[in-house]
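# Coordinate analysis (summary)
Okay, here's what each chain looks like letter by letter:
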Amino acid sequence: MTKFSLALPKMGCGTWAWGNRLLWGYSPDMDQELQAAFDFCVTAGITLFDTGDSYGTGRLNGRSESLLGQFSQAYQGRNQDKIILATKLAPYPWRLTAGSMKRAYRSSSERLQRPVDLVQMHWSTANYAPWQEKNLLRGLAELDDADQVRGVGVSNYGGDRLRKIHQWFTDWGVPIKTLQVQYSLLSQDPVTKYGVKEVCDELGIQLIAYSPLALGLLTGKYSLDKPLPKGLRNRAFKQILPEMGQLQACLQELMAIHQKTMAQVALNWCICKGTIPIPGAKNLAQAQENAGALGWRLSAAEVENLDRAAASVSKTMLQNPFQSQ
Ligand SMILES: NC(=O)c1ccc[n+]([C@@H]2O[C@H](COP(=O)([O-])OP(=O)(O)OC[C@H]3O[C@@H](n4cnc5c(N)ncnc54)[C@H](OP(=O)(O)O)[C@@H]3O)[C@@H](O)[C@H]2O)c1
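Quick look at the structure, then. (Residues numbered from 1 in each chain as written. Predicted model: local features only at pLDDT ≥ 70, side-chain atom pairs only at ≥ 80, totals over all residues. Heavy atoms only, no water.)

## Digging into the overall build of the protein chain
In plain terms, the rule: Elements are defined by DSSP. Helices are runs of H or I of four residues or more, strands are runs of E of two residues or more, and each kind is numbered from the N terminus. Radius of gyration here uses only the C-alpha atoms, and the compact-globule reference equals 2.2 Å multiplied by the residue count raised to the power 0.38. For this analysis, residues touch if any pair of their heavy atoms sits within 4.5 Å. Here the accessible surface of atoms and residues is derived via Shrake-Rupley with a 1.4 Å probe, and residues count as covered only by protein chains that are part of the display. His is not counted, nor are the chain ends, whereas Lys and Arg count as positive and Asp and Glu as negative. By convention, the point assigned to a charge is CZ for Arg, NZ for Lys, CD for Glu and CG for Asp.
The secondary structure content of the protein chain amounts to 13 helices and eight strands. Against the 2.2 N^0.38 benchmark of 20 Å for 325 residues, the protein chain shows a C-alpha radius of gyration of 19 Å, consistent with a compact globule. Projected onto its principal axes, the C-alpha positions of the protein chain cover 50 × 40 × 35 Å. In the protein chain, 78% of the contacts between residues at least 6 apart in sequence involve partners at least 24 apart. Surface accessibility of the protein chain: about 13800 Å² in total, with carbon and sulfur atoms responsible for 50%. In the protein chain, the 35 positive side-chain charges and the 28 negative ones have mean positions that sit 4 Å from each other.

This is the structure we're talking about:
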């Protein structure tokens with residue numbers, strides 16, 4: 001397989017909600033709509049799709065990968081050859097050897113109905129079982145070595161841990177292509193506290209921003225005077241919304257200047273920060289709106305204004321407990 005020298009697109013599409021019934025109300029009736037969102041993205045040049053072998057709840061485990069496989073097999077048209085399927089393998093406690101990651105890879109690849117392009121370690125076990133991690137990462141390196149994937153990435157690593165595992169990968173002769181962290185105007189810890197951008201730039205690793213819309217909060221559609229989504233978003237949104245005035249005002253000013261929506265400005269900010277955002281679209285309309293983040297750029301001064309406004313929000317989105325330092 002050709003090595004992963006091809007350029008990643010400026011923006012990708014996340015698929016956590018695809019197949020996640022308990023948290024996101026997924027039902028098979030949505031499949032047609034999701035296929036339309038997929039088709040639209042590929043045609044628009046949004047060809048990187050991120051999924052995970054843990055996406056899908058209960059019996060639907062792996063459903064997001066299966067749907068993505070189904071959609072990508074069915075798609076015929078522009079940019080078909082540019083589709084990049086990225087999955088994340090979870091370091092479950094029962095996965096202890098390099099072989100267990102390779103078996104997990106094979107299962108994902110079967111659900112995706114093709115070789116995975118970018119295989120990523122879903123999270124670091126550094127915070128609770130640091131001894132578990134090396135074998136699993138070695139499994140990913142061996143997949144790369146055997147040309148079964150086009151690249152290896154990791155997720156939820158901080159700068160220090162990234163440096164450590166980068167040394168392991170260097171010893172194995174395999175590059176780390178990408179690091180995926182939670183990054184948005186409302187979640188900047190991986191960059192500001194754990195220094196991941198600096199380390200990525202130094203080590204030649206592309207940073208991918210997940211949850212770039214703060215789970216929908218940065219689309220402007222949620223407010224305290226309207227019903228909020230249930231579940232884990234409810235509490236987080238109730239805490240953050242009262243503090244968002246200055247940030248919303250700044251976003252609105254930029255929306256007017258650039259004739260863009262809030263989601264488009266928030267995603268463009270991620271792009272201006274040198275990351276590839278992977279917003280999760282649940283339907284065609286959301287995918288279409290998110291695509292409007294491409295093809296233009298906020299100025300450096302506008303990015304700084306947004307940084308200042310974001311700093312006025314003291315509460316951040318819930319942080320991933322697996323994010324390492
Ligand atoms: N590596 C990791 O540990 C990790 C963790 C989380 C996510 N991720 C990846 O990142 C991807 C995206 O993150 P995410 O889904 O958590 O958060 P997100 O992209 O910040 O938010 C996605 C949610 O926002 C709403 N939305 C999206 N576009 C919209 C639009 N244009 N207008 C209005 N609402 C819109 C939708 O929910 P509603 O319509 O219900 O509001 C959607 O489910 C995931 O799919 C996954 O691939 C990775």
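Read on for the rest.
## Things to note about the pattern of salt bridges
What counts is decided by this rule: Every case where a carboxyl oxygen of Asp or Glu lies within 4 Å of a side-chain nitrogen of Lys or Arg is listed as a salt bridge. Three exposure classes are used, based on accessible area relative to the maximum for each residue type with a 1.4 Å probe and protein chains only: buried under 20%, partly exposed in between, and exposed over 50%.
Going through the model one piece at a time under the given rule, you end up with 14 salt bridges. Residue Arg-161 is joined to Glu-133 by a salt bridge in which the shortest nitrogen-to-oxygen separation is 2.8 Å. Of the two residues, Arg-161 sits in helix H6 (residues 159-172) while Glu-133 sits in helix H5 (residues 133-145), which places them 28 residues apart along the sequence. The exposure class assigned to Arg-161 is buried, which follows from its relative accessible area of 13%. Residue Glu-243 pairs with Lys-315 through a salt bridge whose shortest N-O separation is 3.5 Å. Here Lys-315 lies in the segment after helix H13 (300-311) and Glu-243 lies in the loop between helix H9 (232-240) and helix H10 (245-258), a separation of 72 residues in the sequence. When salt bridges with common partners are traced through the structure, they connect Lys-102, Arg-138 and Glu-142 into a single cluster.

## So, unusual backbone geometry
The phi dihedral of Gln-113 is positive, around 60°, even though this residue is not glycine. Structurally, Gln-113 can be placed in the loop between helix H4 (98-112) and strand E4 (118-121). One non-glycine residue with positive phi stands out, namely Gln-259, at about 55°. Examined against the element boundaries, Gln-259 turns out to sit in the loop between H10 and helix H11 (262-272).

## Overview of the packing of H5 against H6
Angle between the axes and distance between the axes: these two values describe a pair of packed helices. Counted only if it meets this: The convention used is that axes are lines fitted to C-alpha atoms, helices contributing only their stretch in contact, and that angles between N-to-C directions extend from 0 to 180 degrees. Here the word oblique covers every angle except those under 35 degrees (roughly parallel), over 145 (roughly antiparallel) and from 65 to 115 (roughly perpendicular). In this scheme the crossing of two helices becomes right-handed for a clockwise turn of the near helix relative to the far one and left-handed for an anticlockwise turn of less than a right angle. When residues are grouped by polarity, Ala, Val, Leu, Ile, Met, Phe, Trp, Tyr, Cys and Pro land in nonpolar, Asp, Glu, Lys and Arg in charged, and all others, Gly among them, in polar.
In the contact formed by H5 and H6, the axes pass within 11 Å of each other and the chain directions differ by 50°. Classified by the angle between their axes, H5 and H6 sit oblique to one another. Our pair here, H5 against H6, has a crossing hand that is right-handed. Touching Glu-133, Lys-134, Leu-137, Arg-138 and Ala-141 of H5 are Arg-161, Ile-165, Trp-168, Phe-169 and Trp-172, all from H6. Of the residues assigned to the contact of H5 with H6, the class counts are six nonpolar, no polar and four charged.

## Section: the site of the ligand
Inclusion rule: Near, as used in this document, describes a residue that has one of its heavy atoms within 4 Å of the molecule or strand being considered. Each polar contact in these results corresponds to two N or O atoms within 3.5 Å; when the atoms are within protein, one needs to be able to donate a hydrogen and the other to accept it, and residues that are neighboring in sequence are counted only if both atoms are side-chain atoms.
Residues in close proximity to the ligand total 30 residues, the closest being Trp-16, Asp-50, Lys-221, Tyr-222 and Lys-282. In the environment of the ligand, a nitrogen atom lies 3.0 Å from a nitrogen or oxygen atom belonging to the side chain of Gln-180. Against a free-state accessible area of 900 Å², the protein chains account for coverage of 93% of the ligand. Looking at the shell around the ligand, the element that brings in the most residues is helix H12 (residues 284-291), giving three residues. For the shell around the ligand, the per-class residue count stands at 11 nonpolar, 13 polar and six charged.

## Some details on the nonpolar core
Using the following cut-off: The criterion is simple. A nonpolar core is a set of buried Ala, Val, Leu, Ile, Met, Phe, Trp, Tyr and Cys residues joined through side-chain atoms within 4.5 Å.
Among the nonpolar cores identified, the biggest contains 88 residues, and Leu-137, Leu-162, Leu-179, Leu-186, Leu-217, Leu-247 and Leu-306 are the most heavily contacted of them. The element contributing the most residues to this core is H11, with eight residues. Residues within four places of Leu-247 in sequence aside, it is in contact with Leu-185, Leu-186, Leu-218, Leu-306, Ala-309, Ala-310, Ser-312 and Val-313. Core analysis: the second largest hydrophobic core is formed by eight residues, Leu-48, Ile-208, Ile-276 and Ile-278 among them.

## A word on the environment of Leu-254
Relative to the elements of secondary structure, Leu-254 occurs in helix H10. Sequence separation between Leu-254 and Asp-29 is 225 residues; the distance between their C-alpha atoms is 37 Å. In this structure, Leu-254 is in contact with Gln-259, Val-265, Leu-298, Glu-302 and Leu-306, ignoring residues within four places of it in sequence.

## Structural notes on H10
Helical geometry: 3.6 residues make up each α-helical turn, so side chains three or four residues apart lie on a common side. Cut-off, in case you're wondering: Multiplying 1.5 Å by the helix residue count minus one yields the expected span of that helix. Here the arc refers to the set of directions running from the helix axis out to each C-beta atom.
Taking 1.5 Å of rise per residue, 14 residues should cover 20 Å, and H10 covers 20 Å from first to last C-alpha, within 8% of that figure. Residues of H10 that are buried: Leu-247, Cys-250, Leu-251 and Leu-254. When H10 is viewed along its axis, its buried side chains cluster within an angular range of 100° and face the same direction. For H10, the secondary structure elements touched by its buried residues are H11 and H13. Once H10 ends, the next one or two residues include Gln-259, with phi positive near 55°.

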